[in-house]
Amino acid sequence: MHSVLNSVWEFFPGPLLQRPKRLQLAALCHRGEGADREYLLITSRDTGRWIIPKGWPIRGLKSNETALREAWEEAGVTASKADDEPIGVYTYDKRLASGWATPVETLVYSVSVGGLVDDFPESHQRRRIWVDAGTAAEMVNEEELKHIFRHQQAISLS
């Protein structure tokens, strides 16, 4: 009986009550070339887990420009260039201040880092680390983000 109710819920009222995914824009910050390429990870402010800089769209900025702004605010990335098109996408559930979680789709832009400063808007709230793609894939929690890092690792080894 329970499986019948689940099937009915998933077919009709569930999708009607589900909100669409919200959108965030992220920066996959890197430096170096080939096998020497490293990726920048930062800690989240709430749980301290390893993530990449990301945030909500900013009116008046293109998506890749928003990714660059987030890289600056959250990691101190300067003198950088973001690709025009995303290199991947991942989803996760964002815990809101209300305690509820909302599904978020995150477009990931490749960002070539030209500089890094120690004094940036969120410098006292986050830690950062440079790691290779394989290590980054092991450090992040989101499966689709792990896949993006593994893909980067395959590219750097070819």
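One can find the structure itself at the top, above this paragraph.
Residues numbered from 1 in each chain as written. Predicted model: local features only at pLDDT ≥ 70, side-chain atom pairs only at ≥ 80, totals over all residues. Heavy atoms only, no water.

**As for helix α3 (residues 63-75)**
Formally: The way it works is that DSSP assigns letters per residue, a run of H or I at least four long becomes a helix, a run of E at least two long becomes a strand, and they are numbered from the N terminus. A helix's residues, less one, multiplied by 1.5 Å, set its expected span. For each residue, the accessible area found with a 1.4 Å probe, counting protein chains only, is set against the maximum for its type, and the residue is called buried under 20%, exposed over 50%, and partly exposed in between. The directions from the helix axis to the C-beta atoms are what the arc is built from.
For α3, built from 13 residues, the straight-helix expectation of 18 Å at 1.5 Å per residue is met to within 8% by its first-to-last C-alpha distance of 18 Å. The set of residues buried in α3 consists of Asn64, Thr66, Ala67, Glu70, Ala71, Glu74 and Ala75. Looking down the long axis of α3, one finds its buried residues gathered within 150° of arc, a one-sided arrangement. Positive backbone phi, approximately 75°, marks Gly76, located one or two places after α3.

**Comments concerning the environment of Thr47**
Applicable threshold: Two N or O atoms form a polar contact when they lie within 3.5 Å of each other; inside protein one atom must be a possible hydrogen donor and the other a possible acceptor, and for residues adjacent in sequence the pair counts only when both atoms belong to side chains.
Relative to the assigned elements, Thr47 resides in the loop between β2 (38-43) and β3 (50-51). Here the side chain of Thr47 touches Ser44 through a polar contact of 3.1 Å, side chain to side chain. At 3.0 Å, the side chain of Thr47 forms a polar contact with the side chain of Arg49.

**Some remarks on the side chain of Thr106**
If you trace the backbone, Thr106 turns up in strand β8 (residues 101-112). Using a relative accessible area of 0% as the deciding quantity, one classes Thr106 as buried.

**Some words on the pairing of strand β1 (residues 22-31)**
Let me state the cut-off plainly: Whether two strands pair depends on DSSP finding at least two bridges between them.
When you tally the buried positions in β1, you get seven out of 10 residues, the bulk of the element. Across nine bridges, the pairing between β1 and β8 is parallel. Paired with Leu28 across the bridge in β8 is Ser110. Where β1 meets strand β4 (residues 54-55), two bridges bridge the pair, whose relative direction is antiparallel. Along β4, the bridge assignment pairs Leu25 with Gly55.

**Observations regarding the pattern of salt bridges**
What counts, and what does not: Salt bridges are defined by distance alone: a side-chain nitrogen of Lys or Arg within 4 Å of a carboxyl oxygen of Asp or Glu.
Within this structure, the stated rule accounts for nine salt bridges. Across the salt bridge formed by Glu142 and Arg49, the nearest N and O atoms sit 4.0 Å from each other. Highlighted residues: Glu142 in the loop between α4 (133-139) and α5 (143-157) and Arg49 in the loop between β2 and β3, separated in sequence by 93 residues. Arg49 gets classed as partly exposed once you look at its relative accessible area, which sits at 23%. One continuous salt-bridge network, built from bridges that share partners, spans Arg45, Glu74, Glu122 and Arg126.

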